[in-house]
Amino acid sequence: MMKKTLVYILKLILPALLILSLMYLLRGGKNILEGIYILFPIIFVLQGVFCSDRLVFLCAGALLSQAVFLIFVNILYEMGSCIDLAIIYAVICAAAYLIKQLVKKLMEKKQIT
């Protein structure tokens, strides 16, 4: 039971920590734009696939990642509001979750027949 709880907590926090560490590493100039437009969508897709055992943990993890993204883009880089990007990343995360659930149901249905 304790091991399962630790796994869920890591799945919840790890994407946000990855975003935070990438923002710290890419803090010098043009590299942050590569992170915002290339690396962060990949992180949100992976979060939608790997953290989607329970919808509650997916939502909590996505909200935590969104908060880290929005706070540090606005504070550290003074790029203004990136809410449109945050909405797009949330949609990407949800789409990855839905695709995983669809594939899972199709595999179960195929296994039954």
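It should be noted that the structure appears before, not after, this text.
Residues numbered from 1 in each chain as written. Predicted model: local features only at pLDDT ≥ 70, side-chain atom pairs only at ≥ 80, totals over all residues. Heavy atoms only, no water.

Peer 1: I would appreciate a short explanation of the overall build of the protein chain in the present structure.
Peer 2: The helix and strand inventory of the protein chain stands at 4 helices and 0 strands. The order of helices and strands in the protein chain, counted from the N terminus, is α-α-α-α. The C-alpha extent of the protein chain, read off along each of the three principal axes, is 55 × 30 × 20 Å. Contacts in the protein chain between residues far apart in sequence, at least 24 positions, make up 65% of those at least 6 positions apart. Charge centroids of the protein chain, computed over 11 positive and 5 negative side chains, lie 14 Å from each other. (Helix = DSSP H or I, 4+ residues; strand = E, 2+ residues; numbered from the N terminus. Contact = heavy atoms within 4.5 Å. Lys, Arg positive; Asp, Glu negative; His and termini not counted. Charge placed at Lys NZ, Arg CZ, Asp CG, Glu CD.)

Peer 1: Even after reading the chapter, I still don't get the packing of helix α2 (residues 31–50) against helix α4 (residues 83–112), so can you show me in this structure?
Peer 2: Angle between the axes and distance between the axes are the two parameters that describe a pair of packed helices. Remark: α2 packs on α4, axes separated minimally by 7 Å, with the N-to-C direction vectors making an angle of 35°. Relative to α4, α2 is oriented so that their crossing is right-handed. For the pair formed by α2 and α4, the contact residues are Ile36, Tyr37, Phe40, Pro41, Phe44, Val45, Gln47, Gly48 and Val49 on the first element and Leu85, Tyr89, Ile92, Cys93, Ala96, Tyr97 and Lys100 on the second. Considering only residue class, the contact of α2 with α4 consists of 13 nonpolar, 2 polar and 1 charged. (Axes fitted to C-alpha atoms, helices over the stretch in contact; angles between N-to-C directions. Left-handed = near helix turned anticlockwise from the far one by under 90°. Nonpolar A, V, L, I, M, F, W, Y, C, P; charged D, E, K, R; others polar.)

Peer 1: Teacher, can you tell me more about the environment of Phe69 here?
Peer 2: Tracing the backbone shows Phe69 in helix α3 (residues 55–76). When the C-alpha atoms of Phe69 and Leu85 are compared, they prove to be 9.6 Å apart, with 16 residues separating the residues in sequence. Apart from residues lying up to four places away in sequence, Phe69 is in contact with Ile19, Met23, Ile36, Phe40, Cys82, Leu85, Ala86 and Tyr89.

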